[in-house]
Each structure stands twice: as structure tokens, then as C-alpha cells.
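Geometric and topological summary
Single-letter residue listing:
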Amino acid sequence: MSTIARNIIDIKERILKAANGTDVKLIAVTKTFSADCVKEALSYVTDIAESKIQEALPKFEILSDSLKNINKHFIGHLQSNKAKKAVLNFDLIQSLDSINLAKDINRHAGEAGKIQNCLIELKVSFEESKFGASEEAVLKIYDYCRQNCQNISINGLMTIAPYFEDKQQVRPYFKKAYKIFENMQKIKNDGNFKILSMGMSGDFEVAIQEGANMVRIGTAVFGERNYDK
Ligand SMILES: *Cc1c(COP(=O)(O)O)cnc(C)c1O
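Computed from a predicted model, the values in this text were never measured in an experiment. (Residues numbered from 1 in each chain as written. Predicted model: local features only at pLDDT ≥ 70, side-chain atom pairs only at ≥ 80, totals over all residues. Heavy atoms only, no water.)

1. Description of the overall build of the protein
Secondary structure assignment for the protein yields 9 helices and 8 strands. Seen through its principal axes, the protein has C-alpha atoms that stretch 50 × 40 × 35 Å. Here the protein holds 229 residues, and the buried ones make up 50% of them. Contacts spanning at least 24 positions in sequence make up 63% of the contacts within the protein whose residues lie at least 6 apart. Roughly 11,600 Å² of accessible area belongs to the protein as shown, and the carbon and sulfur atoms make up 47% of that amount. (Helix = DSSP H or I, 4+ residues; strand = E, 2+ residues; numbered from the N terminus. Buried < 20%, exposed > 50% of the residue type's maximum accessible area, 1.4 Å probe, protein only. Contact = heavy atoms within 4.5 Å. Areas by Shrake-Rupley, 256 points an atom, 1.4 Å probe, with all protein chains shown as cover.)

Here it is, written out as C-alpha cells:
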């Protein structure tokens, strides 16, 4: 068995333990890894994520046959001029963070005859993350989409927590995200709003304990990323 396969089996066990009976979806984050590496993971996961359109599309092309039953997630910052390619190539856009981007996604989804599933990216730490929307902005984006974007389905929230050596320090950020998610579930009465995507290689167990039902894991599956290549 390959190292990648072994890593995934190990991570799934750790997810099961942390999840304590609840369902948690594993997304393998494939950014910077070659099509060959990605292929090794595809027998063991149902979902992969990329963060750059220009990197993802050539890989999807190489892997096209193997990706037929795989869900593709976009998790990077999305610029308006790439919205069309994101809509045409990804099942779930996790990084919706402005009304302007929602307008673009909605228009392109309409042209493609598609309902685009999206998560709104919540910013939980103001110092650390460049992208994402405040709680107030998340609510505005949500309401805007409900009222104006018939080609978008908002499936929940995504957040990126700040990095800490000591994993326990990240817990309050996950708690905060869960509170906002739970509150929206309560007040919005929306059956589609059910995904809370948070937790990465270093902190996914804490995220799951705090209510994540989707985790995005790269390094722990594929090894360290090399951005120079
Ligand atoms: C790269 C990335 C991940 C995966 O991070 P790892 O620490 O390698 O698991 C998760 N989410 C987002 C948004 C990312 O950009």
C-alpha cells in the first residue's frame, strides 16, 4: 500500500474517533501535488480540493477519467475573472466572500444551466486571514443570495482558523464559527444550509470536536508542500 493510501486510512480513523458517531466528510487538498500523487488518493476519497484555477484545470484534464465520481471543491480566493471557470469545473465553491462574487457566480451558473453550490467563507480571526467575510457580512451575503441568486445554493460556511503551535489555542475560533453556523441554521430555516467546513492537517480533531462536519486535509495526506516547483 502506498504512503498516501496509508495516510488516508490513518486520518479516517482519527476522524471517526473525534467525530464520535457524527458524519464528517474528508476533503483531500491536492494543491501543489502532481496528478500522479492525486491519482493515488482517488481510490480512498470521494472529494478533492484545489485553491488555484490555473493549477487545477490542467490536473483535472490529465485525471479526467479518474475524476468522474469525485466531487471537486474550490477553496482558494476566487477573483471575479475566474468565476466562470470555477463554476464550470467545481462542484462546491467554498470561498464565496462577497456580494460581487456572488453576482458573478450566479450569472455564470445561469449561463451554464447549473445550480452552483457554495459555502460562504467566514473570517474568524482578523489579524491572520486576508480573505473571508465578517459575521455581519456573511449574513448579508447569505440574504443577498437567497433573494437574488436563483442559480446559487448556499450549503453552509467555511472557515480557516489561525495557526497555533498549541492546537488547543485554536479551539475558541472553531467555537465561534460553530456558534455563527448554528445560529444561521436556526434563524434561516434553510434545509440546504448544513455544511460547516473547518479543520486542516494540524487541527482537524479540535475542529470536529467543535462541530465541523467537513475537514480539508492536504499535508497529512500527501506530505509537505513545495511551492517552488
Ligand atoms: C491548503 C489548504 C488546506 C489544507 O491545509 P493542510 O494544513 O495542508 O492540511 C485547507 N484549507 C485551505 C483553504 C487551504 O488553502
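Having put the structure on the table, let's press on.
2. Looking at the site of the ligand
Around the ligand lies a shell formed by Val 29, Lys 31, Ile 75, Ile 160, Met 200, Ser 201, Arg 216, Ile 217, Gly 218, Thr 219 and Arg 225. Here a nitrogen atom of the ligand sits 2.8 Å away from a polar atom, N or O, in the side chain of Arg 216. Measuring from an oxygen atom of the ligand, one finds a backbone N or O atom of Gly 218 at 2.8 Å. Taken by itself the ligand offers 390 Å² of open surface, and the protein chains cover 89% of this. Of the residues contributing to the shell around the ligand, the split by class is 5 nonpolar, 3 polar and 3 charged. (Near = heavy atom within 4 Å. Polar contact = N/O pair within 3.5 Å; in protein donor to acceptor, adjacent residues only side chain to side chain. Nonpolar A, V, L, I, M, F, W, Y, C, P; charged D, E, K, R; others polar.)

3. Some points on the nonpolar core
Judged by nonpolar contacts, the single largest core of 66 residues is most densely connected at Ile 48, Leu 96, Ile 105, Ile 154 and Leu 157. It is helix α1 (residues 3-19) that contributes the most residues to this core, 6 residues altogether. The contact partners of Leu 157, leaving out residues within four places of it in the chain, are Leu 119, Ile 120, Leu 122, Val 138, Ile 180, Phe 181, Met 184, Phe 193, Ile 195, Leu 196 and Ser 197. Of all hydrophobic cores here, the second largest spans 9 residues; its members include Ile 27, Ala 49, Leu 119 and Met 158. (Core = buried A, V, L, I, M, F, W, Y, C linked by side-chain atoms within 4.5 Å.)

4. Comments concerning the pairing of strand β3 (residues 71-74)
Examined bridge by bridge, strand β2 (residues 47-50) and β3 share 4 bridges and lie parallel to one another. Note that in β3 the partner of Ile 48 across the bridge is Lys 72. For the segment spanning β2, helix α3 (residues 53-62) and β3, crossover handedness is right-handed. Sheet topology places β3 next to strand β4 (residues 92-96); 2 bridges connect them, and they run parallel. Its bridge partner being in β4, Phe 74 is matched across the sheet by Ile 93. Traced from β3 through helix α4 (residues 83-89) to β4, the parallel crossover comes out right-handed. (Pairing = 2+ DSSP bridges. Right-handed = clockwise from strand over helix to strand, strands pointing away.)

5. Structural notes on the state of the cysteines
A covalent bond between the sulfur atoms of two cysteines is referred to as a disulfide. By the definition in use, this model includes 0 disulfides. Of the cysteine sulfurs around Cys 118, a residue in no disulfide, the closest is that of Cys 145, at 7.1 Å. Counting only cysteine sulfurs, Cys 145 is the nearest neighbor of Cys 149, a cysteine outside any disulfide, at a range of 4.2 Å. (Disulfide = S-S within 2.5 Å.)

6. Topic: the packing of aromatic side chains
Evaluation of the coordinates by the stated rule reveals 7 aromatic pairs. Seen from their ring centres, Phe 74 and Phe 90 are 5.2 Å apart, and the 75 degrees between their planes marks the pair as edge-to-face. Here Phe 90 lies in the loop between α4 and β4 and Phe 74 lies in strand β3, a separation of 16 residues in the sequence. An aromatic cluster of at least three residues, connected via ring pairs, comprises Tyr 142, Tyr 178, Phe 181 and Phe 193. (Phe/Tyr/Trp six-rings, centres within 6.5 Å; stacked < 30°, edge-to-face > 60°.)

7. Re the pairing of β4
The element β4 is extensively covered by neighbouring structure, given that 5 of its 5 residues are classed as buried. Pairing analysis gives 3 bridges linking β4 to strand β5 (residues 116-122), with the strands arranged parallel. Across the sheet, Ile 93 pairs through a bridge with Cys 118, a residue of β5. Following the chain from β4 across helix α5 (residues 99-112) to the adjacent parallel β5, one finds a crossover that is right-handed.

8. Looking at the side chain of Lys 72
Along the chain, the position of Lys 72 falls in strand β3. Of the side chains bearing the opposite charge, Asp 91 lies closest to the buried Lys 72, which forms no salt bridge; the N-O distance is 5.0 Å. Not counting residues up to four positions away in its chain, the partners in contact with Lys 72 are Ile 48, Phe 60, Leu 67, Asn 89, Phe 90, Asp 91 and Leu 92. (Lys, Arg positive; Asp, Glu negative; His and termini not counted. Salt bridge = Lys/Arg side-chain N within 4 Å of Asp/Glu carboxyl O.)

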